[in-house]
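Spelled out, the chains give:
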Amino acid sequence: MQDKMLEQAMANPTNLGEMPDADAVGTVGSADCGDMVRLWLKYRDEDGRRVIDKASFQSFGCQTAIAVASVATEMIRGKTREEVMAMSAQDLSAPLGALPPMKIHCGQMVEGALKAALQGGSAPGNGEASAASPIQVAPSLADALREAGKTTGKLRIVLEPPSSTAP
Ligand code: FES
């Protein structure tokens, strides 16, 4: 059952993509595996509480990080900042079952990006960079990856030109 959920979350992740009207964004990169997760949050007021209305993510990472981000961004909807801050990487990936030891850091990357956003990571254009992120928020994930590559020397980004549709 949980294997099926993992497969499904990998093959068809939910909440994938940038959120232009986000209230906060958090980014975390791993110098070890070279992967990166960025997560956006939008809040709403509900019965006098500020809760997460929606969340989305982008990941230049392994399939496991994508699967965890997919289920985590669903799981946190309707929760307050404090409720989500109390959740561990294990909690956030619980629907997928226990992750193999070599994949535990994938869940921790998602947790890190989420907590960076919760701790005041601002959406691009809102002023401040994500305070908790080891990598400064850049206008796009590709820019952030490029910056990470400069810092760690472990990433090589090759951007392909868009294919022309002109006749
Ligand atoms: Fe690095 Fe999964 S291997 S995030």
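Residues numbered from 1 in each chain as written. Predicted model: local features only at pLDDT ≥ 70, side-chain atom pairs only at ≥ 80, totals over all residues. Heavy atoms only, no water.

Draft legend 1. Geometry of the overall build of the chain. Broken down by element type, the chain carries six helices and three strands. Mapped from its N terminus to its C terminus, the chain presents α and β elements in the order α-β-β-β-α-α-α-α-α. In the chain, which comprises 167 residues, the share counted as buried stands at 44%. A separation threshold of at least 6 residues defines the contact pool for the chain, and within that pool the share at least 24 residues apart is 61%. Carbon together with sulfur atoms contributes 51% to the accessible area of the chain, which is approximately 9,100 Å² in total. (Helix = DSSP H or I, 4+ residues; strand = E, 2+ residues; numbered from the N terminus. Buried < 20%, exposed > 50% of the residue type's maximum accessible area, 1.4 Å probe, protein only. Contact = heavy atoms within 4.5 Å. Areas by Shrake-Rupley, 256 points an atom, 1.4 Å probe, with all protein chains shown as cover.)

Draft legend 2. Highlighting the environment of proline 95. For proline 95, the position within the fold is in the loop between α4 (89–92) and α5 (104–118). Separated by 27 residues in the primary sequence, proline 95 and valine 68 place their C-alpha atoms 8.8 Å from one another.

Draft legend 3. Up close: the confidence of the model for the chain. Confidence along the chain averages 80 in pLDDT terms, with 71% of residues attaining 70 or more. Note that pLDDT drops below 50 for residues 125–138; the model gives that stretch 32 contacts with residues more than four away or on any other chain. (pLDDT = per-residue confidence, 0-100.)

Draft legend 4. Region of the structure containing the sheet that holds strand β1 (residues 24–29). Strands sit in the order β1-β2-β3 across an open sheet of three strands; the sheet is antiparallel. Sheet topology places β1 and β3 (49–60) at the edges, where each strand pairs with a single neighbour. Between one strand and the next, the sheet's axes are offset by a mean angle of 20°, whatever the strand orientation. Here β1 pairs with strand β2 (residues 36–46) via six bridges, running antiparallel. Bridge pairing in β2 places valine 28 opposite valine 37. The sheet strands contacting helix α2 (residues 63–75) are β2 and β3, and the helix crosses β3 at an angle near 165°. (Pairing = 2+ DSSP bridges. Axes fitted to C-alpha atoms, helices over the stretch in contact; angles between N-to-C directions.)

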